[in-house]
Structure formats: C-alpha cells, structure tokens
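# Chain and residue survey
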Amino acid sequence: MIRPSVLLFALLISLPAWYRLLVDQLDLTQVLIRFLIAVPIAVLLLTAFRLVTSGYGVTEETPATPVQAEPMDPA
C-alpha cells in the first residue's frame, strides 16, 4: 500500500504538469503519465530519506556504573 506522503510528494513533483493542464498546454493523459512516473521516483526519494533519518533521535542507554560513597577526609 502506498503511503499518503508518497502520493502528496508525487503530486508536488508533477505540479508543473498540472499547471500546464490548467492553461491548456498539455492533455490530461500526458499529465497523468507524468504523475505515474513521479510516483516511483517519490517512493525512492522518501525511502532514502527515511533510511537516512531513521537513526536520529534514537539513543542507546549505557548501563549505569555503581558508585559507592566514601567519606571524605577533613583536611
């Protein structure tokens, strides 16, 4: 199943074609073909982005070392 973010990104990539459809410079079939081409490109780009940013914010907790209290010498 395709994520909605992929479809929105593909729509953003193909936005110039949609604009050219509004000003009657392209046919609807050409615009839809450009959108279908943009979908796998958006999948690849967002997958790479998720892969790069998947490790951010994850911290490994190091086990705490036990500390024993020792009295200080009054000097």
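Refer to the preceding data block for the structure.
Residues numbered from 1 in each chain as written. Predicted model: local features only at pLDDT ≥ 70, side-chain atom pairs only at ≥ 80, totals over all residues. Heavy atoms only, no water.

Let us look at the side chain of Ser-14. Tracing the chain through its elements places Ser-14 in the loop between helix H1 (4-13) and helix H2 (15-22). Owing to a relative accessible area of 4%, Ser-14 belongs among the buried residues under this scheme. Excluding residues within four positions of it along the chain, Ser-14 makes contact with Arg-34, Phe-35 and Ala-38. (Helix = DSSP H or I, 4+ residues; strand = E, 2+ residues; numbered from the N terminus. Buried < 20%, exposed > 50% of the residue type's maximum accessible area, 1.4 Å probe, protein only. Contact = heavy atoms within 4.5 Å.)

Attention shifts here to the packing of H2 against helix H3 (residues 28-53). Where H2 contacts H3, the two axes come as close as 9 Å, and the packing angle between them is 170°. Taken together, the axis directions place H2 and H3 in an arrangement best described as roughly antiparallel. Between H2 and H3, the residues in contact are Ala-17, Trp-18, Arg-20 and Leu-21 and Leu-28, Val-31, Leu-32, Arg-34 and Phe-35, respectively. (Axes fitted to C-alpha atoms, helices over the stretch in contact; angles between N-to-C directions. Parallel < 35°, antiparallel > 145°, perpendicular 65-115°, else oblique.)

What follows is about the packing of H1 against H2. Two elements in contact, H1 and H2, have axes separated by 4 Å at closest approach and are oriented at 55°. Classified by the angle between their axes, H1 and H2 sit oblique to one another. Within the contact between the two elements, H1 uses Leu-11, Leu-12 and Ile-13 and H2 uses Leu-15, Pro-16 and Trp-18. Looking at the contact of H1 with H2 residue by residue, the classes come out as six nonpolar, no polar and no charged. (Nonpolar A, V, L, I, M, F, W, Y, C, P; charged D, E, K, R; others polar.)

Over its 26 residues, H3 extends 36 Å from the first C-alpha to the last, a length consistent with the 38 Å expected when each residue adds 1.5 Å. Packing partners of the buried residues in H3 comprise H1 and H2. (Expected span 1.5 Å × (residues − 1).)

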